[in-house]
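Spelled out, the chains give:
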Amino acid sequence: FFAAPMSNAVVEGWLQRAPPSIRDASLRAQLEHVVTQSREACVDALRKLENAQEELAFCAFWQSVLQERIEALPSELPSYARSLNEQQRRAALAPIDAPLLVLAGAGSGKTGGMA
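The next thing to look at is the overall build of the chain. Broken down by element type, the chain carries five helices and zero strands. Beginning at the N terminus, the succession of helices and strands in the chain can be written as α-α-α-α-α. Taken over the C-alpha trace, the chain has a radius of gyration of 28 Å; the compact-globule value for 115 residues is 13 Å, which it surpasses by more than 25%. A principal-axis box enclosing the C-alpha atoms of the chain has dimensions of 80 × 30 × 25 Å. For the chain, with 115 residues in total, the buried portion stands at 12%.

Here we take up the packing of helix H1 (residues 8–17) against helix H2 (residues 25–34). For the pair H1 and H2, interaxial distance at closest approach is 10 Å and the crossing angle is 135°. Put simply, H1 runs oblique to H2. Crossing of H1 against H2: the hand is right-handed. Within the contact between the two elements, H1 uses Val11, Glu12, Trp14 and Leu15 and H2 uses Leu27, Arg28, Leu31, Glu32 and Val34. Grouping the constituent residues of the contact of H1 with H2 by class yields six nonpolar, no polar and three charged.

This paragraph deals with the nonpolar core. Among the nonpolar cores identified, the biggest contains six residues, and these are Val11, Leu15, Ala18, Leu27, Leu31 and Val35. Of all the secondary structure elements, the ones that give two or more residues to this core are H1 and H2. Leu15 has contacts with Arg23, Leu27, Arg28 and Leu31, leaving out every residue within four places of it along the chain.

The rules we used
Residues numbered from 1 in each chain as written. Predicted model: local features only at pLDDT ≥ 70, side-chain atom pairs only at ≥ 80, totals over all residues. Heavy atoms only, no water. Helix = DSSP H or I, 4+ residues; strand = E, 2+ residues; numbered from the N terminus. Rg over C-alpha atoms; globule rule 2.2 N^0.38 Å. Buried < 20%, exposed > 50% of the residue type's maximum accessible area, 1.4 Å probe, protein only. Axes fitted to C-alpha atoms, helices over the stretch in contact; angles between N-to-C directions. Parallel < 35°, antiparallel > 145°, perpendicular 65-115°, else oblique. Left-handed = near helix turned anticlockwise from the far one by under 90°. Contact = heavy atoms within 4.5 Å. Nonpolar A, V, L, I, M, F, W, Y, C, P; charged D, E, K, R; others polar. Core = buried A, V, L, I, M, F, W, Y, C linked by side-chain atoms within 4.5 Å.

Bear in mind that shape data such as this cannot, by itself, settle questions of function.
So, in C-alpha cells, the structure goes:
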C-alpha cells in the first residue's frame, strides 16, 4: 500500500504538541519513522497503545485505592501496639464500630493485647 508523503512541518508540529518531558532526538526519530508507515501499520500501533492505556487505567485505579488506604492508616503504631505480635496487633487495632471475637488459648496474650 502507498504511504502518503508527509513533510518535515508535520513532524515539527507533532514535536511541538509532545509534552516537554518526552521531547528528545529519540522522539524525533520515532516520529520520522511514523511518517513512513502504512495506514495498517499505524492502526496496529494505535491498537497496541489503546491496550497499554487500559493497563495504565488499571494501574491508576489501584494506585488511587492504595493511596487512599495509606492515608486512612496511622503513619505510626500507637505505643501500646508496638510490643504486640501480629495477631495481637490486629485485634488491638481492629475497628471499634463492629464486634470482635478473639479465640485464643491460655497464655496467648489476650489480656496484654486488649489491655
